[in-house]
Amino acid sequence: MKAVKIGLLGLGTVGSGVIAVLKRNADEITRRAGREIVVVAAAVRDLSKPRDIDSSDIKLTEDAFSVVDDPEIDVVVELIGGDGIALDAVNRALDNGKHVVTANKALIALHGNQVFKKAQSKGLVVAFESAVAGGIPIIKSIREGLSANRIEWLAGIINGTSNYILTQMSEGGRDFDDVLAEAQALGYAEADPAFDIEGTDAAHKLTILASIAFGISLQFSKVYQEGITNIASEDIAYAREFGYRIKHLGLARMTDEGVELRVHPTLIPEARLIANVNDVMNAVLVQGDAVGPTLYYGAGAGSEPTASAVVADLVDVVRAITTDPENRVPHLAFQPDTLSDLEILPISEVRTAYYLRMSVINRPGVLAAITEIFGDKGISIATISQKDSGEDEQRVSIVLLTQNTREGYLTDAIEQIEQLDTVYGSVVRLRVESLS
Ligand code: HSE
């Protein structure tokens, strides 16, 4: 049978990995797909740049649209990133009747509803396994492997760069900026690393996971987002003393009131497997009503791990080419006309436990005033501890864990505590999840 011809948009870290994997494993991939998959063209940013892969049999161009408009090409693989040229190119590829594979989480999270609608109307596939958690087949697992289940919640370490930084700060006592520079050099970080450390990349990925888990449309603007920039090494150390690790987590939970969608640093009991997922590795824990908890672990970034997911999507697209468009796996797991409009809860209505740290004057009655505020708000304290704060004997840190409460009550309590004249500056707040 005729080979399926691929046009790549982008030949950087992931694009090079795709070419290497397709060449090295060509025989096995052809046996699986039923047809040969060949990259015939690629759009690059700078033709004069030297490349570390052999691209002699590939037409190279600086014009992404010439690839998208090339009648020889069956499937476009979008690896440009962002939602500028990448979005125009994906839309034009679909208009030209080409299937699309993309690793672009921002594009799917922000424009997926429109893109899937267009693809659906034209009987085309847009595959995006590599957009979430790199090489881990998490989209396929939730969309197909868990399709018998009502998904109750999922929690994931879905930004490798943040995990790398937190791990190195925690295990190696290293400095934030130094580790970030290393993650950039290793090709893990986004083009704009603020997307990693401020939680945007994780929020894009969580938007996608929640949609396929709960059968809701993609709603990036409703995700509560906090990154790792305010994590201090003392919080990592105090969390350890309490038996927790701090991880940057994306959480989606179905509750009776609505859906929780949030990404933020989180204390996780150290005994949980996911608390021990370190460096650039990703993991997603999914709780289904029938299967119970399932955990998916693997490389969340990097050239060949991400290429592994891109090429798997290519194999799926090649198989789909010969099937009836009405009977393919729906883009967002649920049939498009059955997506629900469940409410996404504001963060003030989320219920969870908290770790708090505050700097206070060291004198009798200070603790009593603080605990009285918690009592008034109906917030129960699980553990409380006083820590010396170095040279200044007049000043100590109070570190505590609360039991589950509504975030709005805790915000009110923190506002009152910060107004006490015995409390210095702001209260540090981190969320705690038992994930049991
Ligand atoms: N910057 C991303 C990360 C790459 O660090 O996880 C994979 O999406």
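Remember, it's a predicted structure, so these values are computed and weren't measured experimentally.

Conventions we followed
Residues numbered from 1 in each chain as written. Predicted model: local features only at pLDDT ≥ 70, side-chain atom pairs only at ≥ 80, totals over all residues. Heavy atoms only, no water. Near = heavy atom within 4 Å. Polar contact = N/O pair within 3.5 Å; in protein donor to acceptor, adjacent residues only side chain to side chain. Areas by Shrake-Rupley, 256 points an atom, 1.4 Å probe, with all protein chains shown as cover. Helix = DSSP H or I, 4+ residues; strand = E, 2+ residues; numbered from the N terminus. Nonpolar A, V, L, I, M, F, W, Y, C, P; charged D, E, K, R; others polar. Pairing = 2+ DSSP bridges. Buried < 20%, exposed > 50% of the residue type's maximum accessible area, 1.4 Å probe, protein only. Contact = heavy atoms within 4.5 Å. Salt bridge = Lys/Arg side-chain N within 4 Å of Asp/Glu carboxyl O. Axes fitted to C-alpha atoms, helices over the stretch in contact; angles between N-to-C directions. Parallel < 35°, antiparallel > 145°, perpendicular 65-115°, else oblique. Left-handed = near helix turned anticlockwise from the far one by under 90°.

Colleague: Would you mind showing me how to read the site of the ligand here?
Modeller: Every residue close to the ligand is listed here: Lys105, Asn159, Gly160, Thr161, Tyr188, Ala189, Glu190, Asp196, Asp201, Lys205, Gly300 and Ala301. At a separation of 2.7 Å, an oxygen atom of the ligand approaches a polar side-chain atom of Thr161. Here a nitrogen atom of the ligand and a side-chain polar atom of Glu190 are 2.6 Å apart. When the ligand sits alone it has 250 Å² of accessible area, and the protein chains cover 92% of it. Looking at the shell around the ligand, the elements with two or more residues in it are helix 7 (160–172) and helix 10 (200–214). A class-by-class count of the residues in the shell around the ligand yields 3 nonpolar, 4 polar and 5 charged.

Colleague: In this structure, what is going on with the sheet that holds strand 5 (residues 99–102)? I would like to understand it.
Modeller: Strand order across the open sheet formed by 6 strands is 3-2-1-4-5-6, with parallel pairing between neighbours. Of all strands in the sheet, those with a lone pairing partner are strand 3 (59–61) and strand 6 (126–127), marking the two edges. With 4 bridges joining them, strand 4 (residues 75–78) and strand 5 adopt parallel strand pairing. Across the sheet, Val76 pairs through a bridge with Val100, a residue of strand 5.

Colleague: Explanation requested: the side chain of Asn163 in the structure shown.
Modeller: By the secondary structure assignment, Asn163 is in helix 7. Exposure remark for Asn163: the relative accessible area of 1% places this residue in the buried category. Among residues more than four places away in sequence, those in contact with Asn163 are Ile157, Lys247, Val277, Asn278, Asp279 and Met281.

Colleague: For this particular structure, what's the right way to read the pattern of salt bridges?
Modeller: Opposite charge on two side chains permits them to pair, given that their charged atoms come into close proximity. Under the definition given, this model contains 29 salt bridges. Its salt-bridge partner being Glu72, residue Lys5 comes within 3.2 Å of it at the nearest N-O pair. Of the two residues, Lys5 is situated in strand 1 (residues 4–9) and Glu72 in the loop between helix 3 (64–68) and strand 4; the sequence distance between them amounts to 67 residues. The class of Lys5 is partly exposed, set by a relative accessible area of 26%. The partner of Glu182 in a salt bridge is Arg174, with the nearest N and O atoms 2.7 Å apart. The exposure class of Glu182 is partly exposed, given its relative accessible area of 28%.

Colleague: What is the right way to look at unusual backbone geometry in this model?
Modeller: Across the chain, the bulk of peptide bonds are trans and the bulk of non-glycine residues have phi less than zero. The phi dihedral of Ala133 is positive, around 60°, even though this residue is not glycine. Structurally, Ala133 can be placed in the loop between strand 6 and helix 6 (138–145). You can call Ala133 buried: its relative accessible area is 0%. Residue Leu435 is not a glycine yet carries a positive backbone phi of 50°.

Colleague: I'm lost on the environment of Leu22 in this one. Help?
Modeller: Within the fold, Leu22 resides in helix 1 (residues 13–24). Taking the relative accessible area as the measure of exposure, Leu22 reaches 7% and is therefore buried.

Colleague: I would appreciate a short explanation of the side chain of Ser130 in the present structure.
Modeller: In this structure, Ser130 sits in the loop between strand 6 and helix 6. A distance of 3.5 Å separates a polar atom in the side chain of Ser130 from the backbone oxygen of Thr102. For Ser130, the residues in contact, after removing those within four places along its chain, are Thr102, Ala103, Thr306, Ala309, Val310 and Asp313.

Colleague: Mind showing me how you'd approach the pairing of strand 9 (residues 244–254) here?
Modeller: Across a regular strand the side chains alternate sides, sitting on one face of the sheet and then on the other. Summarising burial for strand 9: 10 of the 11 residues are buried, a large majority. Examined bridge by bridge, strand 7 (residues 151–157) and strand 9 share 4 bridges and lie antiparallel to one another. By the bridge assignment for strand 9, Gly156 is matched with Gly250. Bridging between strand 9 and strand 10 (residues 259–269) involves 11 bridges; their strand directions are antiparallel. Bridge pairing in strand 10 links Ile246 to Leu267.

Colleague: When you look at the packing of helix 6 against helix 10 in this model, what are you seeing that I'm missing?
Modeller: A pair of packed helices can be characterised by two numbers: the angle between their axes and the separation between those axes. It is the contact of helix 6 with helix 10, at a shortest axis distance of 9 Å, that shows an interaxial angle of 15°. By the angle class used here, helix 6 and helix 10 are roughly parallel. In terms of crossing hand, the pair formed by helix 6 and helix 10 is left-handed. Contacts from Ile138, Ile139 and Ile142 of helix 6 reach helix 10 at Ile208, Leu209, Ile212 and Ala213. In the contact of helix 6 with helix 10, the residues fall into 7 nonpolar, no polar and no charged.

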